[in-house]
Amino acid sequence: MALSALERIASWPKADRDSWYRELPEPTQLAIARRDWDFIARPEQLPPPGDWTHWLICAGRGFGK
């Protein structure tokens, strides 16, 4: 299963995470602080690319909420 961006960054050493975070624009820092879904979701939990009005998520145990 793929990791979310936040999960990948969480695996970095603390000094690297802190440095990366300080360099982000303030709106991005706020989105992360609010745990913005587009940032914390795993790739398979996000809508598919394209101009969709509906899509099916066929998921089972372990998919996440």
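Scroll up for the structure.
This text gives an overview of the structure that appears in the document. (Residues numbered from 1 in each chain as written. Predicted model: local features only at pLDDT ≥ 70, side-chain atom pairs only at ≥ 80, totals over all residues. Heavy atoms only, no water.)

1. Quick look at the overall build of the protein chain
On a plain count of helices and strands, the protein chain comes out with four helices and zero strands. A globule of 65 residues ought to have a C-alpha radius of gyration of about 11 Å, yet the protein chain, at 14 Å, is considerably larger. Counting only C-alpha atoms, the protein chain reaches 40 × 25 × 20 Å along its principal axes. Per-residue burial for the protein chain yields a buried fraction of 17% across its 65 residues. A sequence separation of at least 24 residues applies to 46% of the contacts in the protein chain between residues at least 6 apart. Carbon and sulfur atoms make up 58% of the accessible area of the protein chain, which amounts to about 5,400 Å² in all. Averaging the locations of the 9 positively and 9 negatively charged side chains of the protein chain gives two centres separated by 9 Å. (Helix = DSSP H or I, 4+ residues; strand = E, 2+ residues; numbered from the N terminus. Rg over C-alpha atoms; globule rule 2.2 N^0.38 Å. Buried < 20%, exposed > 50% of the residue type's maximum accessible area, 1.4 Å probe, protein only. Contact = heavy atoms within 4.5 Å. Areas by Shrake-Rupley, 256 points an atom, 1.4 Å probe, with all protein chains shown as cover. Lys, Arg positive; Asp, Glu negative; His and termini not counted. Charge placed at Lys NZ, Arg CZ, Asp CG, Glu CD.)

2. Let's talk about the packing of aromatic side chains
Tallying each qualifying case throughout the model produces one aromatic pair. Ring centres of Trp12 and Trp20 lie 5.9 Å apart, and the angle between their planes is 85°; on these two criteria the pair is classed as edge-to-face. For Trp12, a relative accessible area of 34% corresponds to the partly exposed category. (Phe/Tyr/Trp six-rings, centres within 6.5 Å; stacked < 30°, edge-to-face > 60°.)

3. Quick notes on the side chain of Gln29
Here Gln29 is to be found in helix H3 (residues 26–33). Here the side chain of Gln29 touches Tyr21 through a polar contact of 2.8 Å, landing on its backbone oxygen. Not counting the four nearest positions on each side in its chain, Gln29 is found in contact with Tyr21, Arg22 and Leu24. (Polar contact = N/O pair within 3.5 Å; in protein donor to acceptor, adjacent residues only side chain to side chain.)

4. A look at the environment of Ala10
Summarising the element assignment, Ala10 is placed in helix H1 (residues 5–10). Judged by relative accessible area, which is 49%, Ala10 ranks as partly exposed. For the pair Ala10 and Ile57, spaced 47 residues apart in the sequence, the C-alpha separation amounts to 27 Å.

As far as function goes, none of this settles anything; it's purely spatial.
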